[in-house]
Each structure stands twice: as C-alpha cells, then as structure tokens.
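What the coordinates show
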Amino acid sequence: MVVLAAAFASPAAAQTPAPAQAVEKLYIMDCGHNAATDQSRWSPGINVGKPLELSDNCYLMKHGAQWLLWDTGYPDAVADKPVTGPIGTATRTRKLATQLAEIGVKPDDVTFVGVSHSHGDHVGNVDMFPKSTLLIQKAEVDWAFADGKPPPFKKDRPMKPLAGDTDVFGDGSAVILSTPGHTPGHQSLLVHLPKTGYVVLTGDLAHFKDNWDNDRVPSMNTSADQTHASHAKLVKVLADNKAQLWINHDKPTSAGQKHSPQYYD
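Treat the numbers as computed from the prediction; the structure is a model and nothing was measured.

Roughly 490 Å³ of volume is contained in the largest pocket. Asn34, Arg41, Tyr74, Ile87 and Asp121 are the residues nearest the centre of the largest pocket, which is lined by 24 residues in total. Every element with two or more residues in the lining of the largest pocket is listed here: β5 (88-91) and α2 (120-123). By residue class, the composition of the lining of the largest pocket is 11 nonpolar, 10 polar and three charged.

This is the structure:
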C-alpha cells in the first residue's frame, strides 16, 4: 500500500489518515494497434493459430505544472505506413503528436517520460521528447543497450536509471513499481486519481485479462520466475489500494471515437 507521511496536531487527529495525494487528470491516448496472427505467442499452448487484436495505449498525467507520459507506443511513422512482420500488422489510427496538441501539450512540456520496458511498441516515440527525463530501470537500460543490439532510442538524453520502486512526484500520486519478467527491467505504474481512485497500469506484465487471471508467461518473456513474482506483487498492490487493473493491450480506449484522447480524474 502507498503510505504517506503526515504530521498531526493531536492524538485524536491521528485516528484519521491524511488524504492521499493524486494526479489531477489522466489521459488515455491511442498509441497503436496490432493485428496479431497467433495468440499462443502470448499464451503458450492456448488458442494456437488464433488471431488476436491488441490495443496499444499511452497515458498522460498532469501533476500541478508537471506532466508524466507513460509509454510512447508505436512510432508515429506507423500512422503513415503500417508495418507487417512475423507477429502481425502494426497500425496507428492517430499520431501521438496530434493527440498531445489537442490537449495543448508540447513535447517540451512533458517533464517525465516513463516506459514500462524497451520493446518497440512502447518506446517508439521516446525520441520525440529529447528534453524530458526518461524514467527507466537500470536493468532495462543495460539489457536494451547490450552489445550487438540495435538501440531502441537515443541514449544520449536526460535519463534517470532506477533501481526498484520509485515515487515519481514524492507524494504517492504516481509510483513506479519494479515488475521484471517480461524483460529484465520491466516496470508498472500505480496512479492515484481524485475521483477514479487507484489504478495500476500493467505495461506488459499481462497482455490480456485471460493471461492475467491464469498467471501465464508469454514465450518471449526473459524470466518465468520473475514474471510470477511480479504478478503476485501486483495482486497485493491491487488489494492493498483497492485499485483497478488497466491492462495496456487489452483496455478499450478512445481509438476510433470522434472525441479522443479520453481522460479520467
């Protein structure tokens, strides 16, 4: 559970916890779509050869004068030219730059860019934010930029390599949770909203709810043991905070609607 320190004027007042801090607003943005050809890539032995539709979301949060963007989706260039590979076909209905502009946010306005991990459908637009501080686990940086690998984004940029759970704003409103397993430095995000309450953005700890419910490990994950441990960790976080589970690739978004991005407060 997120615990916030507070000072109380009297023993009587100490019986009532201080109100939890919250981000003011969270926007869900359409950051792509994957028409996958075989679900069993993510659920080994289950629905082999069955096509699967995967959403790809980005989340923009306002905290006072600061903005936090969580994940950046497929590159905006995919909106102009879809990409077909062995996994499926990646498309973008709308560009991230366009959706930011509709909110009135420029890339230089974004204080922090947090990425759940370094796969291309999550870091495709990191280089759009050269002045933003990138929040990423050190283990992920070491893995993503290992010798012989193509770099997922420009490494010469403001970056804060993390070593575990991190309170982004220092008040419990947005807490990065280390959840390795899908990749060595995978992370999720616990967000507190004034009306909605707590939500957990899973990243790719689970790609769709059936996998979450059955604690399945996709074939591409780097560690099954870490995946199971991270799943158990988030189960406790959800219970402790009475939080909603938002699965990135399995959550309905404003994609295709006239009024997007949609927001929660």
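Still more ground to cover, so stick around.
This brings us to the nonpolar core. Formed by 22 residues in total, the largest nonpolar core has its most connected members in Leu60 and Leu69. Leucine 69 has contacts with Met29, Cys58, Tyr59, Leu60, Leu96, Val110, Phe112, Val113, Gly114 and Phe129, leaving out every residue within four places of it along the chain. Core analysis: the next-biggest nonpolar cluster, separate from the first, contains 20 residues, Leu26, Leu68, Trp70 and Leu201 among them.

What follows concerns helix α1 (residues 96-103). All of the buried residues in α1 are Leu96, Gln99 and Leu100. Buried residues of α1, viewed axially, fall in a sector of 100°; they line one side. At its buried positions, α1 is contacted by β1 (25-36), β2 (52-63) and β3 (66-70). Of the residues trailing α1, glycine 104 is marked for its positive phi of about 90°.

For strand β11 (residues 187-193), the buried fraction is high: seven of the seven residues fall into the buried class. Of the two faces of β11, both are covered, the one formed by Gln187, Leu189, Val191 and Leu193 as well as the one formed by Ser188, Leu190 and His192. Judged from the five bridges that link them, strand β10 (residues 174-178) and β11 form a sheet pairing that is antiparallel. Opposite leucine 177, over in β11, you have serine 188 as the bridge partner. In this structure, β11 lies alongside strand β12 (residues 197-201), joined through five bridges in antiparallel fashion. Bridge assignment links leucine 189 to a residue of β12, and that residue is leucine 201.

So, how was this worked out
Residues numbered from 1 in each chain as written. Predicted model: local features only at pLDDT ≥ 70, side-chain atom pairs only at ≥ 80, totals over all residues. Heavy atoms only, no water. 1 Å grid on protein atoms, 1.4 Å probe; cavity = no way out; pocket = protein on both sides within 12 Å on 5 of 7 lines; lining within 4 Å. Points joined across faces, edges and corners; volume = space filled by probe spheres on them. Helix = DSSP H or I, 4+ residues; strand = E, 2+ residues; numbered from the N terminus. Nonpolar A, V, L, I, M, F, W, Y, C, P; charged D, E, K, R; others polar. Core = buried A, V, L, I, M, F, W, Y, C linked by side-chain atoms within 4.5 Å. Buried < 20%, exposed > 50% of the residue type's maximum accessible area, 1.4 Å probe, protein only. Contact = heavy atoms within 4.5 Å. Arc of directions from axis to C-beta. Pairing = 2+ DSSP bridges.

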